[in-house]
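Here is what each chain is made of, one letter per residue.
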Amino acid sequence: MAFSAATANFNPLNTPSLRSHDNHLVTSVSPSPFFGSTAKLRLSSSPKFNVHRRSGSVVAVSEAVKEKKPKSTPNLLITKEEGLELYEDMVLGRAFEDMCAQMYYRGKMFGFVHLYNGQEAVSTGFIKLLKQQDSVVSTYRDHVHALSKGVPARAVMSELFGKTTGCCRGQGGSMHMFSREHNLLGGFAFIGEGIPVATGAAFTSKYKREVLKEVDCDHVTLAFFGDGTCNNGQFYECLNMAALWKLPIVFVVENNLWAIGMSHLRSTSDPQIYKKGPAFGMPGVHVDGMDVLKVREVAKEAISRARRGEGPTLVECETYRFRGHSLADPDELRDPAEKSRYTARDPITALKKYIIESNLASEAELKAIDKKIDEVVEDAVEFADESPVPPRSQLLENVFADPKGFGIGPDGRYRCEDPKFTQGTAHV
Amino acid sequence: MLAISRQRILGQCFQKIRPAVSELRSYSSAAKQITVREALNSSLDEEMSADPKVFLMGEEVGEYQGAYKITKGLLEKYGPERVLDTPITEAGFTGIGVGAAYYGLKPVVEFMTFNFSMQAIDHIINSAAKSNYMSAGQISVPIVFRGPNGAAAGVGAQHSQCYAAWYASCPGLKVLSPYNSEDARGLLKAAIRDPDPVVFLENELLYGESFPVSDEVLDSSFSLPIGKAKIEREGNDVTITAFSKMVGYALKAAEILEKDGINAEVINLRSIRPLDRSTINASVRKTNRLITVEEGFPQHGVGAEICSSVVEESFAYLDAPVERIAGADVPMPYAANLERMAVPQVEDIVRAAKRACYRSVPLAATA
């Protein structure tokens, strides 16, 4: 009965057990009606911190999900199509970022470029579960979030080159990727800045459903940010409000242990971020962010919780960035042993191994995907290279959505509805 | 210029800097050249060794040796109690710095760029700037807020704003902006010794530039007075005021203008608040024409204040309208060609000077 036992472990979110090791903490976090639904998650330890386990309605799903990974159980987690989709997305992220590094050193890209190598499992694991109308808010490390959300590689590459065909017409740059069509709400330079914005987007979704009576509006927002952000005041303010108003948001912490050169352990009084969720009345989950399947399982539950209207979740993904903070970072402070430990857990290699060993696809099919992605990225570079730089007149455009300020145009309609309204407003 | 600076930035992060201390020891007669980075580093070093109440606080100032390597070597020298690596909480650590200053210490708070100071601006203005007044002189706040300000190269809208005008409009703050190594050393030392809150606006692109300094500048007791501008280049025909990186541009423009027979006087403001109105006015009374240059947004900027001051005090001496050169009135674009258009260039200054001298150059917008 390995299968059913595995299944029981597989969905830890429905198990109402609560393991506690510190009695004095039990009362403060005992399940209350406020929590609403059944989302009580089982606790597990974080081996990397070697800290005495604390109680809480908070779990690390990593252990539970790990238990059911035996190869004999076929296709528990993903179908072939899903597997290939995940693989393709992660390879796209990796190939794209590697190409960015090349282009930067050739001078085609400039300014601050922050690469996502090593963290692909988090982006793919979460964003591939979203619909087009769901929104994603990210930080400056946003290229791969944009790609996972569906922004074409060509648009992202052109934006990085500063060309007018970029997703923000060259005005935003690496750190400010926006896409109305794909509901990518940025790209923010200041850490923590995106969290209130994401909370606001979730508020809109709830407002649309309840005030504007769009009954089927169940759009979810994902906020991605790092471990350094978890010491910032805005983070806590938003955890409070999201839980208070039961907003459909998932706070995804990409804990890669380093904020430029500042280690997470040096800057945080309690390094276990997932525990900060229950302090505000939402579940906090820790997951192995180097394993896309585990991330995907946690994401499924967190996103459907939000869609059902049960409120926010805090998910801490233990992950690692293989490169420095940005392409200008000499990356001298990180221990090479730590780096090689995490490189051995490369999410793409892990997924590839899983797919092949579970006989979901053959090595040849995966290689074909690799090749296809290489072509996509090369094509993106060519496209970006050949695209024109922004014209002089573009400098003064888009400062306002309604530049003339009057609201109504000469034809009697609102100016902002006229697709050509910014033309002719640049004074050069 | 931007292309060169871009490479320099990449180079800086990999460059090992010679310790500034060794340079100070060898008093040779030839003018020494030090970079602005070394100037700042040596000032911090000397002030920290002179006064144990001075301490540094900021993101990456310690183990990382400073995000722009300004605080290199200081952690080894003074230890983690005086060089504090903070978590990423500007509001929190700025507040902590201000509180420490209330109670008797002399913090130097570093913002990785002044854009991030917006997260802490409540403490800079409300807790630091206004306290001496609110407490009727009982609580003075001897704190320095320093960091790079203004546009760098290709860093986008949220990393490129100039905050000189914002901070300079607030009574209770002193706002300084150095240009060369001498300014950097003298003004930072003066700021640390000053009993009032000082906002010290550096420029990332100037960090790697070398300037000659005399032995007097290299002496550890050197400091410059706060509130005095410096006339970098004397002239008779037109006054150009600038601060920070724009001083370099103004000097280049002055050389170009010299070939056309226009003798420009370049004033390095050094101190935005208090503004050295007497030097500016004296200069305008001599030359009768004024051009103000700044990198920040034009509306309510430093140039606007200077123009007002000159109109109030020296209106009769003006022979031409005051020309104000500022950055474009848009958030900084990322694309390289747009960014070049959004920041004043040497040609803009030259054109404005010629206009002020009625040399029939058509009025072109800064873009």
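The rules behind the values
Residues numbered from 1 in each chain as written. Chains lettered and ligands numbered in written order. Predicted model: local features only at pLDDT ≥ 70, side-chain atom pairs only at ≥ 80, totals over all residues. Heavy atoms only, no water. Pairing = 2+ DSSP bridges. Helix = DSSP H or I, 4+ residues; strand = E, 2+ residues; numbered from the N terminus. Axes fitted to C-alpha atoms, helices over the stretch in contact; angles between N-to-C directions. Contact = heavy atoms within 4.5 Å. Domains from an automatic or database assignment. Salt bridge = Lys/Arg side-chain N within 4 Å of Asp/Glu carboxyl O. Polar contact = N/O pair within 3.5 Å; in protein donor to acceptor, adjacent residues only side chain to side chain. Nonpolar A, V, L, I, M, F, W, Y, C, P; charged D, E, K, R; others polar. pLDDT = per-residue confidence, 0-100. UniProt positions renumbered as here; feature names shortened; annotations may be inferred. 1 Å grid on protein atoms, 1.4 Å probe; cavity = no way out; pocket = protein on both sides within 12 Å on 5 of 7 lines; lining within 4 Å. Points joined across faces, edges and corners; volume = space filled by probe spheres on them. Buried area = accessible area lost by both parts, 1.4 Å probe.

Our focus in this paragraph is the sheet that holds strand β14 (residues 323-325) of chain B. Strands pair in a sheet through their backbones, by hydrogen bonds, and they do so in one of two ways: parallel or antiparallel. Residue and element names in this part refer to chain B. Ordered in space as β9-β11-β10-β13-β14, the 5 strands form an open sheet in which the pairing is mixed. For this open sheet the edge positions go to β9 (230-233) and β14, each flanked by a neighbour on one side alone. Ignoring which end each strand starts from, the neighbouring axes of this sheet average 25° apart. As judged from the 5 bridges shared by strand β10 (residues 238-242) and strand β11 (residues 264-268), these two strands associate in the parallel manner. Paired with Ala242 across the bridge in β11 is Asn268. Contacts from helix α13 (residues 302-314) reach β10, β13 (290-293) and β14, with the element oriented near 155° to β13.

Turning next to the side chain of Ser326 of chain A. Structurally, the position occupied by Ser326 of chain A is in the loop between β8 (313-318) and α13 (336-343). Contacts of Ser326 of chain A, omitting those with residues within four sequence positions, involve Val113 and His114 of chain A.

Once that is clear, we can look at the domain arrangement of chain B. A common measure of how large an interface is: the accessible area buried when the components associate. Residues and elements named next belong to chain B. Considered domain by domain, chain B is made up of domain 1 (33-218) and domain 2 (230-357). Linking domain 1 to domain 2 there are 2 salt bridges. The shortest N-O distance in the salt bridge between Arg270 and Glu182 comes to 3.7 Å. Taken together, domain 1 and domain 2 are joined by 9 residue pairs in polar contact (both at pLDDT 80 or more). Taken together, the elements giving at least two residues each to the side of domain 1 that touches domain 2 come down to α8 (164-168), β6 (174-176) and α9 (181-193). The residue inventory of the side of domain 1 that touches domain 2, partitioned by class, reads 19 nonpolar, 9 polar and 3 charged.

All right, on to the confidence of the model for chain A then. Any segment with low pLDDT has predicted coordinates that should not be analysed in fine detail. Of the residues in chain A, 77% have a pLDDT of 70 or more, and the chain-wide mean is 83. Contacts for the low-pLDDT stretch residues 1-56 of chain A, under 50 throughout, to residues beyond four places or in other chains number 97 contacts.

Turning our attention to unusual backbone geometry. With an omega dihedral of 20°, the bond running from Gly186 of chain A to Gly187 of chain A counts as a cis peptide bond. Looking at where Gly187 of chain A falls in the secondary structure, it is placed in the loop between α7 (153-161) and α8 (194-210). With omega at -5°, the peptide bond leading from Arg273 of chain B into Pro274 of chain B counts as cis. Backbone geometry places Gln65 of chain B, a non-glycine residue, at a positive phi of 70°. For Gln65 of chain B, the position within the fold is in the loop between β2 (54-58) and α4 (74-78).

All right, on to the UniProt feature "domain: Transketolase-like pyrimidine-binding" (unreviewed entry) in chain B then. In the UniProt entry, the feature "domain: Transketolase-like pyrimidine-binding" (unreviewed entry) is given for residues 34-209 of chain B. With 36% helix and 16% strand, residues 34-209 of chain B has its two end C-alpha atoms placed 8 Å apart.

On to the layout of surface pockets, then. All names here are of chain A. Taken as a whole, the largest pocket spans an internal volume of roughly 710 Å³. Taken together, 32 residues make up the lining of the largest pocket; nearest its centre are Cys168, Gln171, Gly172, His176 and Phe178. Of the residues in the lining of the largest pocket, the class split is 18 nonpolar, 10 polar and 4 charged.

In this section: the sheet that holds strand β3 (residues 83-85) of chain B. Residues and elements named next belong to chain B. Read from one edge to the other, the open sheet built from 7 strands follows the order β3-β2-β4-β5-β7-β6-β12, with strand pairing classed as mixed. Sheet topology places β3 and β12 (271-273) at the edges, where each strand pairs with a single neighbour. Averaged over all adjacent pairs, the angle separating strand axes in this sheet is 20°, with direction ignored. Of the strand pairs in this sheet, strand β5 (residues 144-148) and strand β7 (residues 198-202) are connected by 5 bridges, and their pairing is parallel.

Taken as a whole and judged by the stated rule, the model has 10 cavities of 30 Å³ or more. Estimated volume of the largest cavity: approximately 710 Å³. Those elements giving two or more residues to the lining of the largest cavity turn out to be β3 (221-226) and β5 (258-259) of chain A together with α1 (2-14) of chain B.

Another aspect to go through is the domain arrangement of chain A. All names here are of chain A. Domain boundaries in chain A define domain 1 (80-390) and domain 2 (392-423). Taking only C-alpha atoms, the centre of domain 1 and the centre of domain 2 are 33 Å apart. With 4 residues of domain 1 at the contact, the number on the domain 2 side is 4 residues. Summing both partners gives a buried area of about 380 Å² for domain 1 against domain 2, and 19% of it is carried by carbon and sulfur. Three residues, Arg169, Gln171 and Pro390, lead the burial of domain 1 against domain 2; their summed loss comes to 96% of the area buried on that side. Between the two partners, domain 1 and domain 2, sit 1 salt bridge. Taken together, the links from domain 1 to domain 2 amount to 5 residue pairs in polar contact (both at pLDDT 80 or more).

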